[in-house]
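Residues per chain are reported as follows:
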Amino acid sequence: MIDLHFSATPNGQKISIALEEMGLDYRLISYDIFEGDHLTPEFDRINPNHKLPAIVDHDPPFGGEPHAVFESGAILQYLADKTGMLLPDDPRARSVALQWLTWQVAGLGPMGGQASHFRRYAPEPIPYAIERYSRELDRLMQVLENRLGQAEYLAGAEFSIADIAIWPGRSAAGVVGIDLARFPNTHRWYQAIAARPAVQRGRSADKAFPDKYMQLNARLSSAQWSNMFGDRMHSAVPGRP
Ligand SMILES: N[C@@H](CCC(=O)N[C@@H](CS)C(=O)NCC(=O)O)C(=O)O
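Everything numeric here is computed off the predicted structure, so don't read it as measured data.

Asker: Even after reading the chapter, I still don't get the overall build of the chain, so can you show me in this structure?
Answerer: Looking only at helices and strands, one finds 10 helices and four strands in the chain. Each helix (α) and strand (β) of the chain, taken in turn from the N terminus, gives the series β-α-β-α-β-β-α-α-α-α-α-α-α-α. Here the chain has a C-alpha radius of gyration of 18 Å; the compact-globule value for 241 residues is 18 Å, and the two agree. Taking the principal axes of the C-alpha coordinates as reference, the chain spans close to 50 × 50 × 30 Å. With 241 residues in all, the chain has 50% of them scored as buried. Total accessible area on the chain stands at roughly 11700 Å², and carbon and sulfur atoms take up 52% of it. Within the chain, one finds 24 positive and 28 negative side-chain charges whose respective centroids are separated by 5 Å.

In structure tokens, the structure reads:
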């Protein structure tokens, strides 16, 4: 049994989809990040970075104590290693899969997050920041489009954890003003993955993005803003004022 510490966001859905695809039993523990559910000392013991998702595996493949894993890319790799699924055995294809997985967690995800922040959450508009991150996100979407013009899936012929890392954020890119119609290869890939039964289970009603996380002009209360970006979020890390 695996505990999935989850918020209904693209990062959370990466893991619910992977667990469904791999047929692993899990218990969904939902957090409302606007309300600061992830800022507790209990959650610090699972993820010292206080972000979702995280898992606790009560039956780790190496035995012993329950094992906690944070960072969505590390969780996907852990689950692929545990099950021998969704990461190609062929060393070349495996290397390609890990390149695209890393590209998502180190590039597409953070850049998309900043584009989202400055377009949707910043207390005042900062045109330079909006332009900088939106343009970089658009460039990354073109990189994805070009790859999916060469191969069916990110790693090549096989669906892998690289696709799972990238897929949930594609619909969120529309919310920050990316014109998805410009990327037909990405659309073809998105539709093929959306039709997978395990993917549908991994984003079913209890895991679907709530409207409040998808608003273009998000209006947070001061308490919610503090939980997400301000003093409450910062002071959750021990040692911070
Ligand atoms: N690099 C992390 C990013 C995780 C992340 O930023 N999670 C968001 C939800 S999508 C979160 O927990 N936000 C709450 C906060 O920043 O306070 C990963 O890939 O797991």
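Past the structure itself, the notes keep going.
Asker: Can you walk me through unusual backbone geometry in this structure?
Answerer: For residues besides glycine, phi is generally negative; the peptide bonds are generally trans as well. For the peptide bond that leads from Leu-52 to Pro-53, omega is 5°, which places it in the cis range. The residue Pro-53 is located in the loop between helix H2 (41–44) and strand S3 (54–57) in this model. For His-50, which is not glycine, the phi torsion reads 55° and is therefore positive. For His-50, the location among the structural elements is in the loop between H2 and S3. In this structure, Glu-71 is a non-glycine residue whose phi angle is positive, near 75°.

Asker: What exactly am I supposed to notice about the nonpolar core here?
Answerer: Across soluble globular proteins, nonpolar side chains show a tendency to be buried alongside one another. Ile-55, Leu-79 and Trp-189 are the most contacted members of the largest nonpolar core, which has 56 residues in total. For this core, the secondary structure elements donating two or more residues are strand S1 (2–6), helix H1 (10–22), helix H3 (72–83), helix H4 (91–121), helix H5 (127–150), helix H6 (161–175) and helix H7 (184–194). If one sorts the elements of this core by residue count, H4 sits on top with eight residues. When we break this core down by domain, the ones giving at least three residues each are domain 1 (2–85 + 211–235) and domain 2 (91–200). Once residues lying within four places of it in the same chain are set aside, the contact partners of Ile-55 are Ile-2, Asp-3, Leu-4, Ile-15, Ile-46, His-67, Ala-68, Val-69, Ile-75, Tyr-78 and Leu-79. Within the second largest apolar cluster, 13 residues are counted, among which are Ile-33, Ala-54, Val-56 and Tyr-121.

Asker: I keep staring at the UniProt feature "domain: GST C-terminal" (unreviewed entry) in the chain and nothing clicks. Help me out?
Answerer: The positions that UniProt labels "domain: GST C-terminal" (unreviewed entry) are, in the present scheme, residues 90–214. Summarising residues 90–214: 70% helix, 0% strand, and an end-to-end C-alpha distance of 38 Å.

Asker: Would you mind showing me how to read the packing of H1 against H3 here?
Answerer: A pair of packed helices is captured by two measures, namely the crossing angle of their axes and the spacing between those axes. The contact between H1 and H3 brings their axes to 10 Å, and the two run at 5°. Here H1 is positioned roughly parallel relative to H3, judged by the angle of their axes. Contacts from Asn-11, Lys-14, Ile-15, Ala-18, Leu-19 and Met-22 in H1 reach Ser-72, Ile-75, Leu-76, Leu-79, Ala-80 and Thr-83 in H3.

Asker: Can you walk me through the domain arrangement of the chain in this structure?
Answerer: Where interface size is given, it is often the accessible area lost as the parts come together that is meant. The domains assigned to the chain are domain 1 (2–85 + 211–235) and domain 2 (91–200). Distance between the C-alpha centres of domain 1 and domain 2: 20 Å. Facing the 24 residues of domain 1 at the interface are 22 residues of domain 2. One can count four residue pairs in polar contact (both at pLDDT 80 or more) joining domain 1 with domain 2. Put simply, the parts of the chain that give the side of domain 1 that touches domain 2 at least two residues each are H1 and H3. For the side of domain 1 that touches domain 2, the element with the most residues is H1, which contributes eight residues.

Asker: Mind showing me how you'd approach the sheet that holds S1 here?
Answerer: The strands making up a sheet associate through backbone hydrogen bonding, with each pair oriented either parallel or antiparallel. A sheet is described by the order of its strands in space; here four strands give the open sequence S2-S1-S3-S4, paired in mixed fashion. Because the sheet does not close on itself, it has two edges, and the strands there are strand S2 (26–30) and strand S4 (67–70). Geometrically, the sheet is characterised by an average inter-axis angle of 20° between neighbouring strands, direction not taken into account. Sheet topology places S1 next to S2; five bridges connect them, and they run parallel.

What counts and how
Residues numbered from 1 in each chain as written. Predicted model: local features only at pLDDT ≥ 70, side-chain atom pairs only at ≥ 80, totals over all residues. Heavy atoms only, no water. Helix = DSSP H or I, 4+ residues; strand = E, 2+ residues; numbered from the N terminus. Rg over C-alpha atoms; globule rule 2.2 N^0.38 Å. Buried < 20%, exposed > 50% of the residue type's maximum accessible area, 1.4 Å probe, protein only. Areas by Shrake-Rupley, 256 points an atom, 1.4 Å probe, with all protein chains shown as cover. Lys, Arg positive; Asp, Glu negative; His and termini not counted. Charge placed at Lys NZ, Arg CZ, Asp CG, Glu CD. Core = buried A, V, L, I, M, F, W, Y, C linked by side-chain atoms within 4.5 Å. Domains from an automatic or database assignment. Contact = heavy atoms within 4.5 Å. UniProt positions renumbered as here; feature names shortened; annotations may be inferred. Axes fitted to C-alpha atoms, helices over the stretch in contact; angles between N-to-C directions. Parallel < 35°, antiparallel > 145°, perpendicular 65-115°, else oblique. Polar contact = N/O pair within 3.5 Å; in protein donor to acceptor, adjacent residues only side chain to side chain. Pairing = 2+ DSSP bridges.

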